[in-house]
Amino acid sequence: MEKHQIQYQTVHFTLNGKEVEKTVDVRASLTDMLRNDFHMLSVKKGCEVGECGACTVIIDGETLNSCLYLAIWAEGKNIRTLESLVGPNGELSDIQQAFVEEAAIQCGFCTPGFIMTAQEIIETGKEYTDDQLRKLLSGHLCRCTGYENVLRAVKKAIKKVMYKRLGKEQPAE
Amino acid sequence: MRKYTGKSAIRVDAYDKATGRAKYVEDLLPDGALVMKIYHSKITHGYVKSIDTSAAEAVPGVVKVLTCFDVPDIQFPTSGHPWSTDPHHQDVADRKLLNQHVRYYGDDVAIVIAENSVAATQAVRLIKAEYEELPFVLDPQKTLEPGAPQIHEECPGNLLAKSETHIGNYEEAIKEPGLIKIEGWYNTPTVQHCHIENHGVYAYQENGRIVVVSSTQIPHIVRRITGQALGCPWGKVRVIKPYIGGGFGNKQDALYEPLTAWATTQVGGRLVHYECEREETFVSNRVRHSIRTHLISWVREDGTLVARKGEQWSNGGAYASHGHSIVAKGAGSIPQLYPVPNYEGVAYSVYTNRPTAGAMRGYGMPQTTFAVESHTDDICKKLGLDPIDYRRKTLMPKGYVDGFSKNEMFEDTFNQCLDKGIEIMDYYTKFNEYKNQTGPIRKGIGVSAFWYNTAVWPISLESCSVRMIVNQDGSIQFQTGETEIGQGCDTAYSQMVADAVGVPLEDVHVVSCQDTDVTPYGTGAYASRQTYIGALGISKCATTLRRKILEIAHNQTRMPIETLDLVDGKIIRTTDGRVLKTLGDLACESLYSLEDSHHITAEETCQIKSNAYSFGVCFAEVEVDIPMCKAKLTRILNVHDCGTLINPQLAEAQVHGGMSMGIGYALSEQLLFDEKTGKPLNNNLLDYKLSTFMDHPELEVAFIENAEPTNPFGTKALGEPPACPVASAIRNAIRNATDVSINVCPINPHVLYKEFTEAGLIEE
């Protein structure tokens, strides 16, 4: 049979605020590289064809399914995974805290991807209607929560961050 | 004492899951694992005559290729039932690790073990199998016809099992003059669990034993089945279950643990990893039984149910898995949910050439509830009766006792749930408003009741084993064989342990991972039983542990044991309320004592010879666009009586998930097969229409908390029940809107087009 020469390429990129480089198989997906070479285990695999959203990461400010993104395309990019949201002393970010408080987590497998998209939404600094949020979050599949508490958590975090940004105290619910 | 139960404690695993630190099977995989891939059957029914593996073996990186001609000549069962030592009650052993007689498109035929997944995938593509093709059958009634293809040599006629129920005398009863006959056929689809983590497993050998790390709901059961499949002593197998990314019943079966365990033995005990791809999860794991139900009711003009007949054909697919127990659960509910003096029931579980059906959230009840509750609305329609009033009159009443299980309906639950739902939905206002609509867009409101049995007694004896260890700081390490699969039982257990032992919640450390070498025996997560049986196991073990603690407290303080109590981690003299010492001081002193050292532990197994009914209702509102053949769910509410809530917030979250699954079942989900080839057509998450964020209205939940008398914490089933009544409530809402009875789900535009055309609502 025909023998294929495996090709490798070195990529340089920023991962969770740190400059890194890695020589990878050119066929590897970003999911593979993040999990296998950098132990970013929050990046979950549910389908590996861009249907479920579990592997979502933020690339240059935009969420993408890392399973559909070649590792070598990471060259020069700024990539963030869920691991980046935790503070130096293990503090949860606002969106993580909201997921915890609103019981938006059950089996937890879709959670990292959901949180990354929610983080992207929060970082826009805009307000959204429920229908808009449902649409923005609809790239993620979840079988445990019926999405209900995920919506509550995202709304809660958006509000909290909004008050913080305005430097105002949030009135108690 | 009820200090921590009944409150919405934060999940014990929430932090780890919110930070991505919770470890699932693949996250634990060591470097250098070998990768296994499966060559699946490319025909729907037939025999593998030969396999050419030479090209596959030549792929660089391939370690071994093994086929159906290499596996042990052992047939084994896969169902996650507790084992029965009575051969007549054992699960059907009808498959080998790899099969020469292939029985569905996707059956397991050969494996490749390679150094990396690319090599394994390439090699699988190069395997060449020659088949002798046989005719196949997909339909659960056609498979029983004479001349149908025979799927299992040892089961001529394809009838896996048949059960009958006879109450009173149906034939005599229907002779009563003036009875009105209502008849319907109800069909439910094949759907899949779609947990977001595919089933994955790795296995290796250590000290001559096989270690299996698996995404499973039932580690102790998987150990037994792996031993059976490999023909090795069960003690030679160790199964470890870390966090799992959902199960919903699919992982209440031995899936690929036996095959992966065997694979490691074929490569000298090296670590072999297998992970299902999504396409394989849909076809080569388990699916929900598609059940066809035929109901005939004979009623008087006032709606009195005189006699009923129920026939069910349950499509089990290629292998028995859970066998007859699924349709049997549904069939058993028919004369209970609506007690009837004359009933004749028959249920068939059949083999067909479709993917194997197994356990799935609801276990036969979503199918049967769809049939019975749709039928109930058809009775109301025919007699012109109010669907709520009719249910109040005919549903299982307070005081009902089931002759078989001795389960009792202790409270007036159905009326309480209906009352609450009517109020929240403003039901009668809507019901009256939606009468006599004529336009193209019509609204409707519908209701469905449901019934669910917690746990499996008296089908088998339930047991729950619990171990508690007091650490030096007075905290409690808690272990059980019952498994966290996302539903939140670890958190409920922690709350119950805190209350039962008398320690602060933060002092309870639940060991979430099960390891059959270490964890007390338990059969795992199924039958909505974890909280119910856990409550009993915890209560028993806590009683023992408290006695030991108080005896030591007596020795250490010299106070009479009758005056001592353990409250919130402190030894209290009850006579004056004085705190004598903390549990931490007591445990530390006890462990390091120079005279009388105790490691304070307790381990108990409780036997459970009771069972509890769980009930509720679902209300749905829809807006139907008749010309567009679209039904949109605009509002949905589930009202549950699952006893006393242990954690209200997590209970509500459980209901959300079940409702979501029910919405998909009602409106969109269906695994399709090509009638000409038997091939699956949509086994991926793009073409299989799983509900997304945009397909749901707000999911509303309410509870009626009648404490369950058979349980020390007053709790009973909540895991599966929420999924049971949703499809029928939506179906009844569509009927309310359009006056068209639709007896098949999912009720998608294809179905609505056909039904609306037949009803004359739209022109062809």
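Residues numbered from 1 in each chain as written. Chains lettered and ligands numbered in written order. Predicted model: local features only at pLDDT ≥ 70, side-chain atom pairs only at ≥ 80, totals over all residues. Heavy atoms only, no water.

Asks: What exactly am I supposed to notice about the overall build of chain B here?
Replies: Helices and strands together make up the secondary structure of chain B, namely 18 helices and 29 strands. A globule of 764 residues ought to have a C-alpha radius of gyration of about 27 Å, and chain B, at 27 Å, matches this closely. If you line up chain B on its principal axes, its C-alpha atoms span 90 × 75 × 50 Å. A burial count over chain B gives 65% of its 764 residues as buried. Long-range pairs, those at least 24 residues apart, make up 80% of the contacts in chain B with a sequence separation of at least 6. Taken as a whole, chain B presents about 26,500 Å² of accessible surface, with 51% of it coming from carbon and sulfur. Within chain B, one finds 72 positive and 93 negative side-chain charges whose respective centroids are separated by 1 Å. (Helix = DSSP H or I, 4+ residues; strand = E, 2+ residues; numbered from the N terminus. Rg over C-alpha atoms; globule rule 2.2 N^0.38 Å. Buried < 20%, exposed > 50% of the residue type's maximum accessible area, 1.4 Å probe, protein only. Contact = heavy atoms within 4.5 Å. Areas by Shrake-Rupley, 256 points an atom, 1.4 Å probe, with all protein chains shown as cover. Lys, Arg positive; Asp, Glu negative; His and termini not counted. Charge placed at Lys NZ, Arg CZ, Asp CG, Glu CD.)

Asks: What should I look at first to understand the overall build of chain A in this one?
Replies: Scanning chain A for helices and strands turns up five helices and five strands. Starting at the N terminus and ending at the C terminus, chain A contains elements arranged as β-β-α-β-β-β-α-α-α-α. Along the first, second and third principal axes, the C-alpha atoms of chain A reach 65 × 35 × 25 Å. Relative to its full complement of 173 residues, chain A shows a buried share of 55%. Contacts spanning at least 24 positions in sequence make up 54% of the contacts within chain A whose residues lie at least 6 apart. Accessible surface, chain A as shown: approximately 8,000 Å² in total, 47% of it carbon and sulfur. Placing the 21 positive and 24 negative side-chain charges of chain A at their respective mean positions leaves the two points 3 Å apart.

Asks: Teacher, can you tell me more about the pattern of salt bridges here?
Replies: Pairing of side chains with opposite charge becomes possible as their charged atoms draw close. Applying the stated rule across the entire model yields 50 salt bridges over all chains. Among the ionic pairs, A:Asp94 bridges to A:Lys160, the shortest N-O distance being 3.6 Å. In this pair, A:Asp94 sits in helix H2 (residues 94-101) while A:Lys160 sits in helix H5 (residues 148-166), placing the two residues 66 residues apart along the sequence. The exposure class assigned to A:Lys160 is partly exposed, which follows from its relative accessible area of 30%. Note that B:Asp73 and B:Lys96 form a salt bridge whose closest N and O atoms lie 2.8 Å from each other. Pair noted here: B:Asp73 is in the loop between strand S3 (62-67) and strand S4 (101-102) and B:Lys96 is in the loop between S3 and S4, with a separation of 23 residues, a long-range link. In this structure, a network of salt bridges that share partners links the residues B:Glu206, B:Arg209, B:Arg238, B:Asp515 and B:Asp517. (Salt bridge = Lys/Arg side-chain N within 4 Å of Asp/Glu carboxyl O.)

Asks: How do you make sense of the interface of chain A and chain B when you look at a structure like this?
Replies: Interface size, as often reported, equals the accessible area lost upon joining of the parts. Across the boundary between the two partners, chain A contributes 46 residues, which contact 58 residues of chain B. With both sides pooled, the region where chain A packs onto chain B buries about 4,300 Å², and carbon together with sulfur makes up 59% of that total. Of all residues in chain A, A:Gln106, A:Arg134 and A:Arg143 give up the largest surface area on contact with chain B, accounting jointly for 19% of the area buried on that side. In this assembly, chain A and chain B are joined by six salt bridges. One salt bridge connects A:Lys45 with B:Glu26, and the closest N-O pair in it is separated by 2.9 Å. Between the two partners, chain A and chain B, sit 23 residue pairs in polar contact (both at pLDDT 80 or more). (Buried area = accessible area lost by both parts, 1.4 Å probe. Polar contact = N/O pair within 3.5 Å; in protein donor to acceptor, adjacent residues only side chain to side chain.)

Asks: Which parts of the structure should I look at to understand the nonpolar core?
Replies: As a rule of thumb, nonpolar side chains are buried together in soluble globular proteins. Within the largest apolar cluster, 148 residues are counted, with the highest numbers of intra-cluster contacts made by A:Phe99, B:Phe619, B:Ile636 and B:Ile730. Each of domain 1 (8-84) and domain 2 (86-166) of chain A accounts for three or more of the residues forming this core. Excluding residues that lie within four positions of it along the chain, B:Ile636 makes contacts with B:Cys618, B:Phe619, B:Ala620, B:Met659, B:Ile663, B:Pro697, B:Glu698, B:Leu699, B:Glu700, B:Val726 and B:Ile730. (Core = buried A, V, L, I, M, F, W, Y, C linked by side-chain atoms within 4.5 Å. Domains from an automatic or database assignment.)

Asks: I keep staring at the domain arrangement of chain A and nothing clicks. Help me out?
Replies: All names here are of chain A. As assigned here, chain A comprises domain 1 (8-84) and domain 2 (86-166). Facing the 17 residues of domain 1 at the interface are 14 residues of domain 2. Both faces considered, domain 1 and domain 2 share a buried interface measuring about 1,300 Å² in area, 58% of it formed by carbon and sulfur atoms. It is Lys44, Thr63 and Leu82 that lose the most area in domain 1 upon contact with domain 2, and together they represent 35% of the buried surface on that side. Scanning the region where domain 1 abuts domain 2 turns up one salt bridge. Mapped by element, the contributors of at least two residues to the side of domain 1 that touches domain 2 are strand S3 (56-59) and strand S4 (62-65). Each residue belonging to the side of domain 1 that touches domain 2 can be placed in one class, and the counts come to four nonpolar, seven polar and six charged. (Nonpolar A, V, L, I, M, F, W, Y, C, P; charged D, E, K, R; others polar.)

Asks: Would you mind showing me how to read the sheet that holds S3(A) here?
Replies: Either a parallel or an antiparallel arrangement is found when strands of a sheet pair, and the pairing is made through backbone hydrogen bonds. Residue and element names in this part refer to chain A. Taken together, the five strands give an open sheet; going across it, the order is S2-S1-S5-S3-S4, and neighbouring strands pair in mixed fashion. Two strands lie at the open edges of the sheet, namely strand S2 (18-25) and S4, each paired on one side alone. Averaged over all neighbouring strand pairs, the angle between strand axes comes to 40°, with direction disregarded. Judged from the two bridges that link them, strand S1 (residues 8-15) and strand S5 (residues 78-80) form a sheet pairing that is parallel. In the sheet register, Thr14 faces S5, and the bridge partner there is Asn78. Strands in contact with helix H1 (residues 30-37) are S1, S2, S3 and S5; relative to S2, the strand with the most contacts, it is inclined by about 110°. Helix H3 (residues 111-123) contacts S3, S4 and S5 of the sheet and is inclined by roughly 35° relative to S3. (Pairing = 2+ DSSP bridges. Axes fitted to C-alpha atoms, helices over the stretch in contact; angles between N-to-C directions.)

Asks: I tried to follow the environment of B:Leu305 on my own but got confused; where do I start?
Replies: Residues and elements named next belong to chain B. You can see Leu305 is positioned in strand S15 (residues 305-315). Placed 102 residues apart in sequence, Leu305 and Ala203 show a C-alpha to C-alpha distance of 56 Å. In this view, Leu305 contacts Ser297, Trp298, Val299, Tyr338, Pro339, Val340 and Pro341; residues no more than four positions away in its chain are not counted.

Asks: Before we go on, may I ask you to explain the packing of aromatic side chains in this structure?
Replies: Residues and elements named next belong to chain B. Within this structure, the stated rule accounts for 21 aromatic pairs over all chains. For the pair Tyr256 and Tyr274, a centre-to-centre distance of 5.0 Å together with 70° between the ring planes defines the contact as edge-to-face. Taken together, the residues Tyr256 in the loop between strand S11 (237-241) and helix H6 (257-266) and Tyr274 in strand S12 (residues 272-275) connect sequence positions 18 residues apart. Its relative accessible area of 3% is what places Tyr256 among the buried residues. Where Tyr427 meets Phe431, the ring centres are 5.5 Å apart and the plane angle is 20°; that geometry is what we call stacked. Of the two residues, Tyr427 and Phe431 both sit in helix H12 (residues 427-433), four residues apart, roughly one turn of that helix. By the burial criterion, Tyr427 is buried, and Phe431 matches it. A network of ring pairs unites the aromatic residues Phe414, Trp451, Tyr613 and Phe615 as a single cluster. Over the ring of Tyr452 we find Lys329; its NZ or CZ atom is 4.1 Å from the centre of that ring. (Phe/Tyr/Trp six-rings, centres within 6.5 Å; stacked < 30°, edge-to-face > 60°. Lys NZ or Arg CZ within 6 Å of the ring centre and 35° of its normal.)

Asks: It is not clear to me how helix H14 (residues 530-557) of chain B should be interpreted in this structure. Could you clarify?
Replies: An α-helix turns once every 3.6 residues. As a result, residues three or four positions apart point the same way. Between the first and last C-alpha of H14(B) there are 38 Å, a value that for 28 residues agrees with the 40 Å anticipated at 1.5 Å per step. One or two steps after H14(B), the chain reaches B:Arg558, where phi turns positive at roughly 65°. (Expected span 1.5 Å × (residues − 1).)

Asks: When you look at the packing of H2(A) against H3(A) in this model, what are you seeing that I'm missing?
Replies: Residues and elements named next belong to chain A. Running from N to C, H2 and H3 cross one another at 130°; their axes reach a closest spacing of 9 Å. One element, H2, and the other, H3, form an angle in the oblique class. When you trace H2 past H3, the crossing you get is right-handed. In this structure, H2 contributes Ile95, Gln96 and Phe99 to the contact, and H3 contributes Thr111, Phe114, Ile115, Ala118, Gln119 and Ile122. Classifying every residue of the contact of H2 with H3 gives six nonpolar, three polar and no charged. (Parallel < 35°, antiparallel > 145°, perpendicular 65-115°, else oblique. Left-handed = near helix turned anticlockwise from the far one by under 90°.)

Asks: In this structure, what is going on with the environment of B:Pro721? I would like to understand it.
Replies: All names here are of chain B. Assignment of secondary structure puts Pro721 in the loop between strand S29 (699-703) and helix H17 (726-738). Considered as a pair, Pro721 and Val466 are 255 residues apart in the sequence and their alpha carbons are 26 Å apart. Aside from chain neighbours lying at most four places away, what touches Pro721 is Phe450, Tyr452, Ser528, Ser614 and His640.

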